[in-house]
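Structural overview
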Amino acid sequence: MAAGLPLEPTDRKSFRPLLLMGPPGAGKGTQSRAIGRAFGIPEISTGAMLREAVRRGTPLGLASQSTMEAGCLVSDNVVCGLIELRTAEPDCQRGFIVDGFPRNLPQAVFLDGLLLTRGKPKALALNIRVDRDVLMKRLAGRRECPVCGTAYNVYMSPLQCPGLCDADGADLIQRPDDREEVVQRRLEEYDRQTKPLIERYRSLGLLREVDGNGSPEGVTAAIFSILNGS
Ligand code: AMP
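Within any chain, residue numbers begin from 1 and follow the written order of that chain's sequence. For this predicted model, a pLDDT threshold of at least 70 governs which residues receive local features, and a threshold of 80 or more governs which side-chain atom pairs are given and counted, while totals over whole chains, interfaces and linings are taken from all residues. Hydrogens are left out, water is left out, and the side-chain values use all remaining heavy atoms of the structure.

1. Some points on the overall build of the chain
In DSSP terms, a helix is any run of H or I states spanning at least four residues, a strand is any run of E spanning at least two, and both are numbered starting from the N terminus. Counting its regular elements, the chain contains nine helices and seven strands. Both definitions apply: the radius of gyration is a C-alpha atom measure, and the globule rule equals 2.2 Å times residues to the power 0.38. Relative to the globule expectation of 17 Å for 230 residues, the C-alpha radius of gyration of the chain, 17 Å, shows essentially globular dimensions. By principal-axis analysis of the C-alpha atoms, the chain measures approximately 50 × 45 × 35 Å. Only protein chains enter the accessibility calculation, which uses a 1.4 Å probe. A residue is then buried if its area is under 20% of the maximum for its type, exposed if over 50%, and partly exposed in between. Out of the 230 residues belonging to the chain, those deemed buried represent 42%.

Structure (structure tokens):
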């Protein structure tokens, strides 16, 4: 992390909700965790909530699994319901970061209405721009520890022991939707449904953009300088 970044929760009372935008593989999850830790606000990932529901075999998980594994978007009702409930929790009252929502116009309109009804400030969207060839490499090499959640990339961060988590030795897993044919579908869904939202937030004066091609630490530093100036 860059010098001078707040490593402890700051004394700032509240933050605008922050929406991390960008294609799959842009590093939204990594950046959202870094920002959340530094500012002491929760990071919410609809994808992680859905994967957890699948893992636990809940009715919601069972209903969403095949859609997710095909690289398509699950229904707006489901994800809007998740966001409505999660953001009502006490830890979200100072602000929160969302990774992976909204993914289309109806979800963006829903979020606007939710924040307005609750008397909260409008959300700021942060677009992480990454070149397609970099994305493909990141997604194909992405592995995750099922125990501690640490993310790795087999091409970019050599492991102490191939296939095993450096922290706890668990067998690393590849997300079913990171398989090449599914990645293609997810990128198409992104281009068709999510990318147009960037123009929407830009026209509302609520968009910030960062170059996400570099190292995670470099991107975090760039994001902090943007957020500290907002
Ligand atoms: P992510 O981890 O954000 O890439 O999400 C993984 C998968 O979960 C996506 O490919 C979708 O199937 C589903 N998903 C996550 N967030 C949303 C959302 N906001 N709207 C619809 N589907 C979502």
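2. Details of the packing of aromatic side chains
Pairing of aromatic rings covers Phe, Tyr and Trp, the last counted by its six-membered ring, and requires centre-to-centre distances within 6.5 Å; plane angles under 30 degrees mean stacked, over 60 mean edge-to-face, and any other angle means tilted. By the definition in use, this model includes two aromatic pairs. Each ring, one from Phe15 and one from Phe39, has its centre 5.2 Å from the other, and the planes form 75 degrees; the classification is edge-to-face. One end of the pair, Phe15, is in the segment before strand S1 (18-21); the other, Phe39, is in helix H1 (residues 28-39), and 24 residues separate them in sequence. A single burial state applies to Phe15 and to Phe39, both of which are buried. On the numbers, 5.3 Å between centres and 20 degrees between planes, the contact of Phe39 with Phe224 is stacked. Of this pair, Phe39 sits in helix H1 while Phe224 sits in helix H9 (residues 216-228), placing them 185 residues apart in sequence. Here Phe39 matches Phe224 in class, with each residue buried. Each member of the aromatic cluster is reached from another via a ring pair, and the members are Phe15, Phe39 and Phe224. Whether a charge sits over a ring comes down to the Lys NZ or Arg CZ being within 6 Å of the ring centre and within 35 degrees of the ring normal. Stacked on the ring of Tyr201, the Lys or Arg Arg200 has its end atom at 5.4 Å from the ring centre.

3. A look at helix H7 (residues 180-194)
Helix length check: H7, at 15 residues, gives a terminal C-alpha distance of 20 Å against a target of 21 Å (1.5 Å per residue), a fit within 8%. Every buried residue of H7 is accounted for by Val182, Val183, Arg186, Leu187, Glu189, Tyr190 and Thr194. Down the axis of H7, the buried set is contained in an arc of 160 degrees. They therefore lie on one face. Pointing more than 90 degrees away from the buried face of H7 are the exposed residues Glu180, Glu181 and Arg192. Under the convention used throughout, the expected extent of a helix is 1.5 Å for every residue step, that is, one less than its residue count. Directions pointing from the helix axis toward each C-beta atom define the arc.

4. Remarks on the confidence of the model for the chain
A score from 0 to 100, pLDDT tells how confident the predictor is in each residue. Scored by pLDDT, the chain has a mean of 91; 94% of the residues are at 70 or more. The contact rule is simple, with two residues in contact once any of their heavy atoms fall within 4.5 Å. Long-range and interchain partners of residues 1-9, a stretch whose pLDDT sits below 50, account for 16 contacts in this model, where long-range means more than four residues apart.

5. Here's the deal with the site of the ligand
Note on terminology: near, applied to a residue and a molecule or strand, indicates that one of the residue's heavy atoms is within 4 Å of it. With respect to spatial proximity, 16 residues lie near the ligand, and among them Thr46, Arg51, Cys72, Gly100 and Gln107 are the closest. Whenever two N or O atoms come within 3.5 Å, that pair is a polar contact, provided that in protein one can donate a hydrogen and the other can accept it, and provided that, for residues adjacent in sequence, both atoms are side-chain atoms. Within the side chain of Arg51, an N or O atom sits 2.8 Å from an oxygen atom of the ligand. A distance of 3.1 Å is found between an oxygen atom of the ligand and a side-chain nitrogen or oxygen belonging to Arg103. All accessibility values rest on the Shrake-Rupley procedure with a 1.4 Å probe; residue burial counts only the protein chains present in the view. Relative to its unbound accessible surface of 480 Å², the ligand loses 96% to contact with the protein. Just so you know the grouping, Ala, Val, Leu, Ile, Met, Phe, Trp, Tyr, Cys and Pro go in nonpolar, Asp, Glu, Lys and Arg go in charged, and all remaining residues, Gly too, go in polar. Split by residue class, the shell around the ligand holds seven nonpolar, four polar and five charged.

6. Description of the pairing of strand S4 (residues 124-129)
In terms of burial, S4 is largely enclosed, as five of its six residues are buried. Two strands pair under a simple rule: DSSP has to find at least two bridges between them. Of the pairings in the sheet, the one linking S4 to strand S7 (residues 207-211) comprises five bridges and is parallel in character. If you follow Ala125 over to S7, its bridge partner there is Leu207.

7. Comments concerning the sheet that holds strand S2 (residues 43-45)
Strand order in the open sheet formed by five strands is S2-S3-S1-S4-S7, and the pairing between neighbours is parallel. Two strands lie at the open edges of the sheet, namely S2 and S7, each paired on one side alone. Neighbouring strand axes in the sheet, compared pairwise and without regard to direction, differ in orientation by 25 degrees on average. Convention adopted: a line fitted to C-alpha atoms gives each axis, helices being fitted over their contacting stretch, and angles between N-to-C directions are expressed from 0 to 180 degrees.

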